[in-house]
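The primary structure of each chain is shown beneath.
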Amino acid sequence: MRRFKVLVVLAGGALLSVASAQGATVTKSFTHPTASGLALDAQTNVPVGTVSFGSGDFGGGDTVGAVSVQTIWTKTDGTCPSPASGDAYHSETAMRIVGPTGTAHQLISLGNYTGGGDIGDVTTTFVDGAAGNVGGTDPVSGTFTASGGSLNSFFGGVAAQGNWTLEATDSVGANPLCVYGFSVTVTSNNAPIANAGGPYTVNQGVALTMNGSSSADPGGSIVLLECDCTDDGVYD
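In this text the structure is predicted, and so the values were computed from the model without any measurement.

Reading guide: rules and limits
Residues numbered from 1 in each chain as written. Predicted model: local features only at pLDDT ≥ 70, side-chain atom pairs only at ≥ 80, totals over all residues. Heavy atoms only, no water. Phe/Tyr/Trp six-rings, centres within 6.5 Å; stacked < 30°, edge-to-face > 60°. Helix = DSSP H or I, 4+ residues; strand = E, 2+ residues; numbered from the N terminus. Buried < 20%, exposed > 50% of the residue type's maximum accessible area, 1.4 Å probe, protein only. Lys NZ or Arg CZ within 6 Å of the ring centre and 35° of its normal. Disulfide = S-S within 2.5 Å. Pairing = 2+ DSSP bridges.

## Details of the packing of aromatic side chains
1) Next: Across all of its chains, the model carries five aromatic pairs by this definition.
2) Next: Note on phenylalanine 30 and phenylalanine 182: the rings are 5.8 Å apart at their centroids and 40 degrees apart in plane angle, and the pair reads as tilted. Of this pair, phenylalanine 30 sits in strand E3 (residues 25-31) while phenylalanine 182 is found in strand E13 (residues 177-189), placing the two residues 152 residues apart along the sequence.
3) Next: By relative accessible area, phenylalanine 182 is classed as buried at 3%.
4) Next: Residues phenylalanine 155 and tryptophan 164 carry aromatic rings whose centres are separated by 4.8 Å and whose planes lie at 65 degrees to one another, so their mutual orientation is edge-to-face.
5) Next: The buried category is assigned to tryptophan 164, whose relative accessible area is 0%.
6) Next: Clustering of aromatic rings is evident, with ring pairs tying together Phe154, Phe155 and Trp164.
7) Next: Directly above the aromatic system of phenylalanine 53 lies the positively charged group of lysine 28, at a separation of 5.2 Å from the ring centroid.

## Notes on the state of the cysteines
1) Next: Using the criterion set out here, one finds one disulfide in the structure.
2) Next: Between the sulfur atoms of cysteine 80 and its disulfide mate cysteine 178 the distance is 2.1 Å. Measuring handedness by torsion sign, the sulfur bridge of cysteine 80 and cysteine 178 sits at about -95 degrees and is left-handed. Taken as a pair, cysteine 80 in the loop between strand E6 (63-75) and strand E7 (93-98) and cysteine 178 in strand E13 lie far apart in primary sequence, 98 residues in all. The burial state of cysteine 80 is the same as that of cysteine 178; both residues are buried.

## So, the pairing of strand E8 (residues 104-108)
1) Next: Pairing of E7 with E8, which is carried by four bridges, proceeds in the antiparallel orientation. Opposite methionine 95, over in E8, you have isoleucine 108 as the bridge partner.
2) Next: Between the antiparallel neighbours E7 and E8 lie five residues, among them glycine 102 with a positive phi of about 90 degrees.

Here you go:
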């Protein structure tokens, strides 16, 4: 009698032999330890903070299916501890999110906002399918499409486990950008589940037909089934 191992092969060529945890939607948040937030003045792509997703959140083979980002911030003609009215030059504001592979996607680009009004604290949520694009005269709270376009297309397929860092820019001095915190919400795609049927008992040298039809890929479709019948790392 031989012991059989069946692996599911995805279109990308990755081989997986175990089922992951069920797909999930998980939100992780970061709040700056200073009540007035992180103050930026004539600084570019400064890390605000990092949130991490681990094995307690997603399975090792799970990938990103969807992602959204929420930021809480203001920009002022005063200081972050003591905001003041006056021209805040919102065109100097930019933010981007850096994903688990180290690639960055622009949430707000320089010049998206053109005004300079007193805005108070704003909460901007970036999600695919939002009714409006980020930008306008003065920043307002709401849900928007990111300046760089689809978050799901940019980050889709990368490992669900990993670190996400918000970076912020205030391009000119004297009117600081104040970032209080942010959150990242990730919805995973499940890793595929291999199922060879059975159990099977067969004498050595006798042909065996296995049934892998119960295998599944909750995040897509299976394109190939292969078997390592001799457990030597070579798929027969």
